[in-house]
Amino acid sequence: MNHTPETGGRSSRVTGRLLILQVIVLSLLATLGGRLWFLQIRNGQQYSQEAVSNHIRPVLVPAVRGEILDANGMPLADNSTQLVVSVSRTALLQQQDGGKAVLGRLAQVLGMSPTEVHDKVRLCDAVTPQPCWNGSPYQPIPVTEQATAQQAMQIMERREDFPGVTADPTAVRQYPGPAGANAAQLLGYLSPVTQDEINAATNAEGKSAYAASDQVGRAGLESVYDTQLRGQPGVDNLEVDNLGRVIGSAGQSAASPGNDIVTSIDARIQGIAEQQLQQALVTLRKTWDTVTKENFKADSGAVIVMDVHTGRVIAMASAPTYNPNIWTGGISEKDYAALTNANSDFPLLNRAIQGQSAPGSTFKVVSTSGAINAGYTYSDTFPCTSSMMIGGREFKNFEGENFGMINLSKALEVSCDTVFYNIAYQQWMKDGGTRPTHPADWLYKAAHQFGLGQATGIDLPAEVAGRVPDRAWHDAYYAEMKNTWCQQAASGKNDYLTQIAREDCTDFATLRAGDEVNYAIGQGDTLVTPIQMARIYSALANGGTLYKPEIAKAVVTPTGKLVQNIAPVVQGRLPDTQRTLQYIDAATAGVVTEGTAAWKFAGWPQDKIQLHAKTGTAEVVGKQTTSWFDTYTKDYAVVMTISQGGTGSGGAGPAVRNIYNALYGIQADNSIDPKKALLPTPQTALPTFAPSGIVEQATALQQNDLRAAAVQQAEASVPAVTVSAPGSSLPFAAGPGPLFALAPERREGA
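Here the structure is a predicted model, which means the values were calculated and not measured.

**A closer look at the overall build of the protein chain**
For the protein chain, the helix and strand inventory stands at 25 helices and 27 strands. A separation of at least 24 residues holds for 69% of the contacts in the protein chain among residues at least 6 apart in sequence. A total accessible area of about 33,900 Å² is found for the protein chain, and carbon and sulfur atoms account for 53% of it.

Rendered as structure tokens:
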């Protein structure tokens, strides 16, 4: 037996294992080297950029919002510099107590509760209620925008007690109200952007046009021209460590301010229009209504001054109104409730474009056009009786007037209802009565040709369209309301509304005789807005052209360079010949000298400034009548309406006259002083801007004390008062103006 050790075989096995191990190690080293080459050389730049960006936090720097200017360059909406106290969350988190002590000291300086300050700087999420911060956590969070200089000094002189707290001057939106021009509903307001809006404005790359801390226009011009006013925000790139603490800056880009909007609004005329509308409401609430045996409620109203040659709005007022500055810095719950509760009469509503009501006799210019196009002549006469029977129902002339046989022109002048009842009934019969075949519907066609039943397209949001109650509307509305009417008709009651429901349940889909005769005098189911009537009366003044109502004239840079000119837009023409327009002109001029407005326009210088007018008193079930007064000269149309305000000339006549007095410089003795005329002809040119961006003529007007000039032209005779809409807790100014009363004289037709 051989006992020699087998060392050779064992050694070869070990050597083989070492070789395999070496191969494995070399493979691993090669793989690691390849990976390092891939990371550091092949894609090194990419990963280097990602590493850098991982500790960079971009913070948006808001752009200064552009101004909204009147026609003379006076700012209707601009920005004031206010001391804003802000807190850095990053600095707070570096404190041992998370910043609790700092916020407590800050609350004491600002006169706020610690809870209130804490809530303002906490971050918003799905469960955190307002107030909270909706912006970047790295951005300074404003605690108050109304800090005093003394509070700012306390904070800045004791920096060791207020780490991360700053007090800096910041641009804050304000509405200065030049010449007393409140213009709240016209201008609108700002409020924080919502998450839905941020998502809707997000592009394919995931970037949104809005930042979470943005303020956006919510109504009025602020809303329509938000993009132009907004500007481009800058970016401040902050370096942060792995704990999210700011350690430095990686550069920044400056914000670009927004552009300015130049409007056709004249602040002087706007202030007077607002003051006169409010004074009319105040006076009417002290005036006895002989029909309802109580004072007029005069709960709301609107007035528009329009350039008849372009459709541009010179002034637009709505009442009740409010102070638009209550939105600055965020509106309180108390103020918001006061604006929206049922007792407020809803001052957020712009009644010039959103208030719709029956137009009463101001609609008769439309019916006159339809009648002439239907074949009636300028010389045809009709009986103006105190009443007439149609379908077993008596239709009365307003206050029972009887003028005998008169033509259409005289019927307009004295506002005779029965003449238009007669024409409407004849047309209804010609169209086939309750069994029409191919109805011409001249009176309804005229309303559509005058632009009624559709929005005018004015550059303001949420305009309503009104209503022309033609056959198509009757069909559609009957289908919608049939079940409701028929249920009420079967209730067994016999009150007025149930009687109407019983009739409507049976035959509302059929255009009945009563529907058409009521329609002819602007009653029944007809609804219009003040802006629609201002456009119609402007077209009567300019020869028949229907312009799109507009407020903005141009977009300019902060230095005054023109970005966009907003030219007048022609939308159509009235369906009338020049002869018909002259015929209506003569009738509406007669309204002022001999007709239903003559008692309020005694001594008017008609030979120098020919004024045309149509009064309207629209009846409303369960309420006092609506006052309408629609007027025009060769340059301007002025339309005023007052809900529950009585007759057209009685309720609105004196206020409209005072607006014209200011425009043309008409004095108390009815003479004309050109030096005191605020705007004898419409302004067409844009303001002149100095190289600095300051408007030259606006500065001059400010130095001349605009408000004093406006009050003087409004024939002031009583001291200023402060009033509120019925049930409203929000005061609004009613400047000096004449206290006029309704005389117990003959009122115009309905």
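**What to know about the pairing of strand E14 (residues 313–319)**
Taken across its seven residues, E14 has seven buried, putting it largely inside the fold. When strand E13 (residues 300–307) meets E14, the two strands line up antiparallel, connected through six bridges. Its bridge partner being in E14, Gly 301 is matched across the sheet by Ala 319. Counting the residues in the hairpin turn of E13 and E14 gives five residues, including Gly 311, whose phi is positive at 80°.

**Some details on the nonpolar core**
Grouped together as the largest cluster of nonpolar side chains are 91 residues, with contacts concentrated most on Val 313, Met 316, Val 366, Leu 408 and Val 419. Ranked by residue count, the leading element in this core is helix H21 (residues 530–542), at seven residues. If sequence neighbours within four positions are ignored, Met 316 has contacts with Leu 186, Ile 265, Gln 270, Val 303, Ile 304, Asn 350, Ala 352, Ile 353, Ile 458, Leu 460 and Ile 531. Of all hydrophobic cores here, the second largest spans 39 residues; its members include Ile 269, Leu 611, Met 640 and Ala 662.

**Re the packing of helix H14 (residues 364–373) against helix H16 (residues 417–430)**
Packing of H14 against H16 brings their axes to within 11 Å, and their N-to-C directions diverge by 40°. What the angle tells us is that H14 and H16 run oblique. Note that H14 runs across H16; the crossing there is left-handed. Two secondary-structure elements touch here, H14 through Lys 364, Ser 367, Thr 368 and Ala 371 and H16 through Asp 417, Phe 420 and Ile 423.

**Observations regarding the pattern of salt bridges**
Within the structure shown, the criterion is met by 18 salt bridges. We note a salt bridge from Glu 294 to Lys 297, for which the minimum N-O separation is 2.9 Å. Across the salt bridge formed by Asp 607 and Lys 608, the nearest N and O atoms sit 3.6 Å from each other. For the pair Asp 607 and Lys 608, one class covers both residues: exposed.

**Structural notes on the state of the cysteines**
Following the criterion strictly, the structure yields three disulfides and no others. The residue that forms a disulfide with Cys 124 is Cys 132, at a sulfur-sulfur distance of 1.9 Å. On the sign convention where negative means left-handed, the S-S torsion of about 100° between Cys 124 and Cys 132 marks this disulfide as right-handed. The class for Cys 132 is buried, based on a relative accessible area of 11%. A sulfur-sulfur distance of 2.1 Å marks the disulfide that ties Cys 384 to Cys 416.

**Some details on the confidence of the model for the protein chain**
Residue-level pLDDT values for the protein chain average 85, and 85% of them are 70 or greater. A low-confidence stretch, residues 705–750 stays under pLDDT 50, and its non-local contacts, those more than four residues away or across chains, total 147 contacts.

**Focus: helix H22 (residues 578–593)**
Spanning 16 residues, H22 covers 23 Å between terminal C-alpha atoms, matching the ideal 22 Å at 1.5 Å per step. Restricting attention to buried positions, one finds in H22 the residues Thr 580, Leu 581, Tyr 583, Ile 584, Ala 587, Thr 588, Ala 589, Gly 590, Val 591 and Val 592. Considering only its buried residues, H22 is in contact with H14, strand E18 (404–407), helix H15 (408–414), H21, strand E23 (612–618) and strand E24 (626–632).

**Notes on the sheet that holds E23**
Hydrogen bonds between backbone atoms are what pair the strands of a sheet, whose relative direction is either parallel or antiparallel. Read from one edge of the open sheet, five strands run E14-E13-E25-E24-E23, paired in antiparallel fashion. Two strands in the sheet have a free side with no partner beyond their single neighbour: E14 and E23. In this sheet, neighbouring strand axes are inclined to one another by 5° on average, regardless of whether the strands run parallel or antiparallel. One ladder, built from eight bridges, connects E13 with strand E25 (residues 636–643); its direction is antiparallel. Paired with Met 306 across the two strands is Ala 637, which belongs to E25. Along the sheet face, helix H23 (residues 648–664) touches E13, E23, E24 and E25 and points at about 145° away from the line of E25.

**What about the packing of aromatic side chains?**
Under the counting rule described, the total for this entry stands at 20 aromatic pairs. Within the aromatic cluster, the residues linked to one another by ring pairs are Phe 601, Trp 604, Phe 629, Tyr 636, Tyr 660 and Tyr 664. Of note, Lys 445 hangs over the ring of Trp 442, and the distance from its end group to the ring centre comes to 4.5 Å. Residue placement shows Arg 579 over the ring face of Tyr 378; its charged tip is 4.3 Å from the ring centre.

**Observations concerning the environment of Met 533**
Here Met 533 lies in helix H21. As for Met 533 and Phe 629, which are separated by 96 residues in sequence, their C-alpha atoms are 9.9 Å apart. When residues no more than four places from it in sequence are discounted, the contact partners of Met 533 are Pro 359, Thr 362, Val 528, Trp 628, Asp 630 and Val 639.

**Description of a nonpolar patch on the surface**
Residues Leu 18, Leu 21, Val 25, Leu 26 and Leu 29 make up a contiguous nonpolar surface patch of roughly 480 Å² in combined accessible area. Relative to the assigned elements, Leu 29 resides in helix H1 (residues 7–42). Overall, Leu 29 belongs to the exposed group, its relative accessible area being 52%.

**Observations regarding H16**
Each α-helix turn comprises 3.6 residues. Residues three or four places apart therefore point the same way. Taking 1.5 Å per residue as the helical rise, H16 with its 14 residues ought to reach 20 Å, and the 20 Å between its terminal C-alpha atoms agrees with that figure. Among the 14 residues of H16, 10 are classified as buried, and the element is accordingly described as predominantly covered. Buried residues of H16: Asp 417, Thr 418, Val 419, Phe 420, Tyr 421, Asn 422, Ile 423, Ala 424, Gln 427 and Trp 428, and no others. Downstream of H16 by one or two residues, Gly 432 has phi in the positive range, about 105°.

**Points about unusual backbone geometry**
With omega at 0°, the peptide bond leading from Ala 319 into Pro 320 counts as cis. Note that Pro 320 resides in the loop between E14 and helix H12 (333–340). In this model, Asp 345 sits at a positive phi of 60°, which is unusual for a non-glycine residue. Positive phi, close to 65°, is recorded for Ala 462, a residue that is not glycine. Inspection of the secondary structure assignment puts Ala 462 in the loop between helix H17 (442–449) and helix H18 (471–489). Ala 462 gets classed as exposed once you look at its relative accessible area, which sits at 52%.

What counts, and where the lines are drawn
Residues numbered from 1 in each chain as written. Predicted model: local features only at pLDDT ≥ 70, side-chain atom pairs only at ≥ 80, totals over all residues. Heavy atoms only, no water. Helix = DSSP H or I, 4+ residues; strand = E, 2+ residues; numbered from the N terminus. Contact = heavy atoms within 4.5 Å. Areas by Shrake-Rupley, 256 points an atom, 1.4 Å probe, with all protein chains shown as cover. Buried < 20%, exposed > 50% of the residue type's maximum accessible area, 1.4 Å probe, protein only. Pairing = 2+ DSSP bridges. Core = buried A, V, L, I, M, F, W, Y, C linked by side-chain atoms within 4.5 Å. Axes fitted to C-alpha atoms, helices over the stretch in contact; angles between N-to-C directions. Parallel < 35°, antiparallel > 145°, perpendicular 65-115°, else oblique. Left-handed = near helix turned anticlockwise from the far one by under 90°. Salt bridge = Lys/Arg side-chain N within 4 Å of Asp/Glu carboxyl O. Disulfide = S-S within 2.5 Å. pLDDT = per-residue confidence, 0-100. Expected span 1.5 Å × (residues − 1). Phe/Tyr/Trp six-rings, centres within 6.5 Å; stacked < 30°, edge-to-face > 60°. Lys NZ or Arg CZ within 6 Å of the ring centre and 35° of its normal. Patch = residues over 30% accessible without salt bridge, like charges linked within 9 Å, V, L, I, M, F, W, Y side chains within 5 Å.

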